[in-house]
Amino acid sequence: MARPGSGLNGLGYPPQNLARVVVWEWLNEHGRWRPYSAAVCHHIENVLKGDARGTVVLGQVDAQLSPYIIDLQSMHQFRQDTGTMRPVQRNFYEPSSAPGKGVVWEWENDNGSWTPYDMEICVTIQNAYEKQHPWLDLTSLGFCYLIDFNSMAQTNRQSQRKRRLRRRMDLAYPLIMGSIPKSQSWPVGASSGQPCSCQQCILVNSTRAASNAILASQRRKLYGQGGNAGAAGTLTTVRQSNTFAGTSLWSPASNSSGTNDNNISVGGGQAKAEQVQVQVPLSKANFPCSPVMPSLSSHGHHALTINGQNNLNRPGTQRISMGTARGSIPPGVPALPVKNLTGSGPVHPALAGLPVCLTRAPKPILHPPPINKSDLKPVPGINGMRRKTKKKHLRRGKNPEDVVRRYTDKIKVAPDEDCTICMERLSMASGYEGVLQHRGIKPELVGKLGKCGHMYHLLCLVAMYNNGNKDGSLQCPTCKTIYGEKTGTQPPGKMEYHVIPHCLPGYPDSKTIRIVYDIPAGIQTNEHPSPGKKFSARGFPRHCYLPDNDKGRKVLKLLIMAWDRRLIFTIGTSSTTGESDTVVWNEIHHKTEFGSNLTGHGYPDPNYLDNVLTELAAQGVGEDNLKD
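Residues numbered from 1 in each chain as written. Predicted model: local features only at pLDDT ≥ 70, side-chain atom pairs only at ≥ 80, totals over all residues. Heavy atoms only, no water.

What to know about the packing of aromatic side chains
- Per the counting criterion, the structure on display carries 12 aromatic pairs.
- Both rings, one in Tyr517 and one in Phe569, keep their centres 5.3 Å apart while their planes meet at 85 degrees; by these two values the pair is edge-to-face. Here Tyr517, found in strand β27 (residues 512-518), pairs with Phe569, found in strand β31 (residues 569-572); they are 52 residues apart in sequence, far enough to count as distant. The same class applies to Tyr517 and to Phe569, which are both buried.
- Within the aromatic cluster, the residues linked to one another by ring pairs are Tyr517, Phe540, Trp563, Phe569 and Trp585.
- Lying across the ring of Tyr483, Lys451 places its NZ or CZ 5.5 Å from the centre.
- Its end group placed over the ring of Phe540, Arg542 keeps NZ or CZ at 4.3 Å from the ring centre. (Phe/Tyr/Trp six-rings, centres within 6.5 Å; stacked < 30°, edge-to-face > 60°. Helix = DSSP H or I, 4+ residues; strand = E, 2+ residues; numbered from the N terminus. Buried < 20%, exposed > 50% of the residue type's maximum accessible area, 1.4 Å probe, protein only. Lys NZ or Arg CZ within 6 Å of the ring centre and 35° of its normal.)

What follows is the structure in structure tokens.
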């Protein structure tokens, strides 16, 4: 018999009145789906009921989300002030899971505030908590953390750093009844609401009928294989999530006859699952995106095994094993065959009997394989393996008048053109007359910068310097030429660098230089936007990668110089999350993906080293600064 609570009726399908909890999520820059709060999800569902292709203004329910709107037709979140767009999805969970009960698990960040876990992690933690497990290892979900329920702490298994966690009750997420509705993001026919029959839509619909179904990856192997290993044919395991972006896979069975006998077995969560065999004919009613299925032989018997959740697996997740006589489909097979995409054949590959794999978009490979400390070697030609942020440079003899006079030449007769700082004519007095008063610098004096030759009121240059970092350097506001040694406002931290015995994509003959930046949270000083206020430091330590070749070592030397000048990071507003008073990159791009380039921050990228050299030069850290 089916396990109680599995939600399946006699035919192996959920009844029409099956309840599901809806959680709306957005995709962050690390490839993780982050849940909106329960209140926001209720708001989105209310808008969805009124206009399935409308726009959701998130600021109407959460003031902190005022810049964001969701376009239900394209299924994207749009930030109005920056133009940033992120995919969103509508995910489904069991009513007995954490979101259905309004349970939220959170960890304490460096700023002392609380951050909720991803929903799948929250559900897993709640399952273990309800089963009174003393601890939970999140390695199976791809995170090197250990949860201790006795001390309510999260421990990083690599760094041994501990953080507090808490469980709190909040509003339960919205509940819906009936079959899973169609997503608003994929093409439908003009009037009937059914997918159209053009080749493009057939391809899209057949591969997105269950949009998050994925082949079992290496990270998921510890969940075990479903199905009967001794059955005829090779078994390919697919882990199927209840996140659908197309017509429901759970359509009620039709009365139409079919020649395919399919054994559907429903297993419980025990080590040896009880199974029940039921005969269900295949038809277009059962699988509306029918082009996916006809590749099954018309005379064979195919086992479709649906297992219940094992141990701590999250609710709403099944593992489907499909055995066919055509052989196994290895991991990594593209979702759509190239031949059909190019239009060279009118027949869908499934109709021709070719394998079609439902896959999820690949995840970025952020880190290399595990490395022993003994394998970490110094970078050739560079002394040491660590730098700490130097204390703020002493400002001796760097009063504004001296700095301006050092880099400018006085002009006796001012040209008839605008000063691009105050926008007054150079032949007139500076716009800062009466605002600033400095001995020896009159409002009508004009100076020309020595390298670039651009001219400004000297009083305007003094005002610009006072408004900057006051480090003894000037930067031309027109052409950005730097005079002196430019320094930044990077908060204290440390920078480590070493060679690891792995190669980057595109550099098969070189090992890899790994840079590790670590900056803790702290208090802003007078040089920062909000003196005396706390600043956060998200995502540290940050790992970055360079090829261990001549050019890569040159870039590393300049990055070390930029670190010493406090130019790598600054405190400001994150362009990805919108969080203010946080540590952000300072216009010198780094590669944070080790084995892929899915986000644009990885390899191969043949132009990266040249580009970062240009960015360093723009900060005044050029190759001419390197000593022999």
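Once the structure has been displayed, the description carries forward.
Points about the pattern of salt bridges
- A full pass over the atoms with the stated rule returns 27 salt bridges.
- Put simply, Arg90 and Glu45 hold a salt bridge, and the shortest N to O gap is 2.7 Å. Taken together, the residues span a long stretch of sequence, with Arg90 in strand β6 (residues 85-93) and Glu45 in helix α1 (residues 38-50) at a distance of 45 residues.
- Overall, the relative accessible area of 12% leaves Arg90 in the buried class.
- Linking Lys494 and Glu496 is a salt bridge whose minimum nitrogen-to-oxygen distance equals 3.8 Å.
- The exposure class of Lys494 is partly exposed, given its relative accessible area of 29%.
- Residues joined in a network through salt bridges with shared partners are Arg32, Arg34, Asp118 and Glu120. (Salt bridge = Lys/Arg side-chain N within 4 Å of Asp/Glu carboxyl O.)

Observations concerning the nonpolar core
- Judged by nonpolar contacts, the single largest core of 41 residues is most densely connected at Met495, Ile515, Tyr517, Leu546, Leu556 and Leu559.
- Only β26 (494-500), β27, β30 (542-547), α8 (550-564), β31 and α9 (608-618) provide two or more residues apiece to this core.
- If you tally residues by element for this core, the top one is α8, at eight residues.
- Among residues more than four places away in sequence, those in contact with Tyr517 are Lys494, Met495, Phe540, Pro541, Arg542, Cys544, Leu559, Trp563, Ile568, Phe569, Trp585 and His590.
- In this structure, Val40, Ile44, Leu138 and Ile147 belong to the second largest nonpolar core, which totals 39 residues. (Core = buried A, V, L, I, M, F, W, Y, C linked by side-chain atoms within 4.5 Å. Contact = heavy atoms within 4.5 Å.)

Let's talk about the sheet that holds strand β8 (residues 114-116)
- The antiparallel open sheet is built from six strands, whose spatial order is β8-β7-β12-β11-β10-β9. Only two strands of the sheet have a single partner each, and these edge strands are β8 and β9 (135-137). Direction aside, the axes of adjacent strands within the sheet are offset by 30 degrees on average.
- Across three bridges, β9 lies against strand β10 (residues 145-148) in antiparallel orientation. When the bridges of β10 are listed, Asp137 appears paired with Leu146.
- Against the sheet, helix α3 (residues 119-130) contacts β7 (103-108), β9, β10 and β12 (162-169), and its axis sits at roughly 105 degrees relative to β7. (Pairing = 2+ DSSP bridges. Axes fitted to C-alpha atoms, helices over the stretch in contact; angles between N-to-C directions.)

Some words on the pairing of strand β5 (residues 76-79)
- A one-sided burial pattern is seen for β5, the buried positions being Gln77 and Arg79 and the unburied ones His76 and Phe78.
- Sheet topology places strand β4 (residues 68-71) next to β5; four bridges connect them, and they run antiparallel. Bridge pairing links Tyr68 to Arg79 in β5.
- With antiparallel pairing between neighbouring strands as the criterion, β4 and β5 make up a hairpin whose turn holds four residues, including Met75 at a positive phi of roughly 55 degrees.

Some remarks on the sheet that holds strand β23 (residues 455-457)
- Judged by pairing direction, the sheet is antiparallel, and its three strands sit side by side in the order β21-β22-β23 without closing on themselves. Bordering the open sheet on either side are β21 (408-411) and β23, each of which pairs with just one other strand. Here the strands of the sheet are splayed against their neighbours by 40 degrees on average, with no regard to which way each runs.
- Across three bridges, the pairing between strand β22 (residues 446-449) and β23 is antiparallel. Looking at the pairing, Lys448 lines up with Met455 of β23.

As for the side chain of Asn586
- Take Asn586: it is sitting in the loop between β32 (582-585) and α9.
- Given the relative accessible area of 17%, Asn586 is considered buried.

Structural notes on helix α6 (residues 400-407)
- Residues of α6 that are buried include every one of Pro400, Glu401, Val403, Val404 and Tyr407, and no others. In a view along the axis of α6, the buried residues occupy a sector of 165 degrees, so they form one face of it.
- Its buried side turned inward, α6 meets β21, β22, α7 (458-466), β24 (474-475) and β25 (482-483). (Arc of directions from axis to C-beta.)

Re the environment of Thr84
- Position of Thr84 relative to the elements: it lies in the loop between β5 and β6.
- Residues Thr84 and Thr577, 493 residues apart in the sequence, show an inter-C-alpha distance of 9.7 Å.
- Sequence-distant contacts of Thr84, that is, excluding residues within four places in its chain, are made with Gln77, Phe78, Arg79 and Ser575.

A closer look at the packing of α6 against α7
- Close contact between α6 and α7 brings their axes to 9 Å; oriented N to C, the two are set at 120 degrees. As far as their axial angle goes, α7 and α6 are oblique. Handedness of the crossing formed by α6 with α7: right-handed. Along the contact surface, α6 presents Pro400, Val403 and Val404, while α7 presents Leu458, Leu461, Val462, Tyr465 and Asn466. (Parallel < 35°, antiparallel > 145°, perpendicular 65-115°, else oblique. Left-handed = near helix turned anticlockwise from the far one by under 90°.)

Here's the deal with the environment of Leu598
- Inspection of the secondary structure puts Leu598 in the loop between β32 and α9.
- The partly exposed category is assigned to Leu598, whose relative accessible area is 46%.
- Considered as a pair, Leu598 and Lys363 are 235 residues apart in the sequence and their alpha carbons are 7.5 Å apart.

As for unusual backbone geometry
- Cis peptide bonds are those with omega within 30 degrees of zero, and the linkage from Phe540 to Pro541 qualifies with 0 degrees.
- Counting through the fold element by element, Pro541 comes out in the loop between β29 (534-535) and β30.
- The step from Tyr603 to Pro604 runs through a cis peptide bond, and the omega angle for that step is 5 degrees.
- Note that Pro604 resides in the loop between β32 and α9.

Topic: the packing of α8 against α9
- Look at α8 against α9: their axes get within 10 Å of each other, and the N-to-C directions meet at 25 degrees. With respect to α9, the axis of α8 lies roughly parallel. Crossing hand, α8 versus α9: left-handed. Of α9, the residues touching α8 (which contributes Lys551, Gly552, Lys554, Val555, Leu558, Leu559 and Ala562) are Leu609, Asp610, Val612, Leu613 and Leu616.

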